[in-house]
Amino acid sequence: MESPFAVLGIDPDADEEAIDRTYRRRVMESHPDQGGSAREFQLVREAYEEVKAGDNGGGIDVDPEEDDLHRGPESRVEYLNYEVLDDYGWTLDDGDLFEKAANEGLDAADHGRFLVQPGESLLQAAENRGFAWPYACRGGACANCAVAIVEGEMAMPVNHILPPEMLDRGIRLSCNGTPATDEMKVVYNVKDLPDLGELRLPPRPFERAHAND
């Protein structure tokens, strides 16, 4: 069996920054949505966790309050597309942001509500209801799928990318985050927030080459 370092393609003496950087690249390459396979993706995830466990003796930091995913009754989520905020001169700090959105009669892609079933991530729930929310790796290794929590709570059992200051601002990853309250209000598509730019994964070369096809 290959060592976790071989799976990730790093030296055993690599520092934490190199490990995290390599993991972000490998999880992108190996994900089925990006041309990889489910088995390879799982091996990369397991290798990363094993390497991190060896680094700190206690595994990847997991918030015990978020480790148990919300699997109770379905949650009602009201969403708003971050891209429309500039059009109306709104900001994430507006206390009546969702009331304003409701009064504008926005398209369903930009504002509305849906139910999240027990065990669904927020991203899965959006996709299962026909919405195309942004994402890249689906492995918690980038900020492409980030959302801003305006009201309610979201459980995010493992976080590989968001720093504490972003978590304090209510930023979460929709790819593995699940609602932890019966109702939530979220602004999705916040990947273009200035502080999230360096935490995003770029399109794969093929996607860039065919962007204008």
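Let me sum up the structure you'll find in this document. (Residues numbered from 1 in each chain as written. Predicted model: local features only at pLDDT ≥ 70, side-chain atom pairs only at ≥ 80, totals over all residues. Heavy atoms only, no water.)

Pairs can form between side chains of opposite charge once their charged atoms are near each other. Applying the stated criterion to the full structure yields 10 salt bridges. We note a salt bridge from Glu40 to Arg26, for which the minimum N-O separation is 3.4 Å. A residue pair is termed long-range when its members are at least 10 positions apart, and Glu40 in helix 3 (residues 38-56) and Arg26 in helix 2 (residues 16-30) qualify at 14 residues. For Glu40, a relative accessible area of 29% puts it in the partly exposed group. One salt bridge in this structure joins Asp96 and Lys100, with 3.5 Å as the shortest N-O distance. Exposure remark for Lys100: the relative accessible area of 27% places this residue in the partly exposed category. Linked through salt bridges whose partners overlap, the residues forming this network are Asp94, Asp96 and Lys100. (Salt bridge = Lys/Arg side-chain N within 4 Å of Asp/Glu carboxyl O. Helix = DSSP H or I, 4+ residues; strand = E, 2+ residues; numbered from the N terminus. Buried < 20%, exposed > 50% of the residue type's maximum accessible area, 1.4 Å probe, protein only.)

Attention now moves to helix 2. With 15 residues, helix 2 extends 21 Å from end C-alpha to end C-alpha; this agrees with the ideal 21 Å at 1.5 Å per step. Inspection of helix 2 places Ala18, Ile19, Thr22, Tyr23, Arg24, Arg26, Val27, Met28 and Ser30 among the buried residues, and these make up the whole buried set. (Expected span 1.5 Å × (residues − 1).)

All right, on to the sheet that holds strand 2 (residues 111-116) then. Read from one edge of the open sheet, five strands run 2-1-7-3-5, paired in mixed fashion. Of all the strands in the sheet, just strand 2 and strand 5 (171-173) have a single pairing partner and so form its edges. Each neighbouring strand pair of the sheet contributes to a mean axis angle of 35°, computed without reference to strand direction. By the bridge criterion, six bridges tie strand 1 (residues 75-81) to strand 7 (residues 183-188) in an arrangement that is parallel. Paired with Val77 across the two strands is Met184, which belongs to strand 7. (Pairing = 2+ DSSP bridges. Axes fitted to C-alpha atoms, helices over the stretch in contact; angles between N-to-C directions.)

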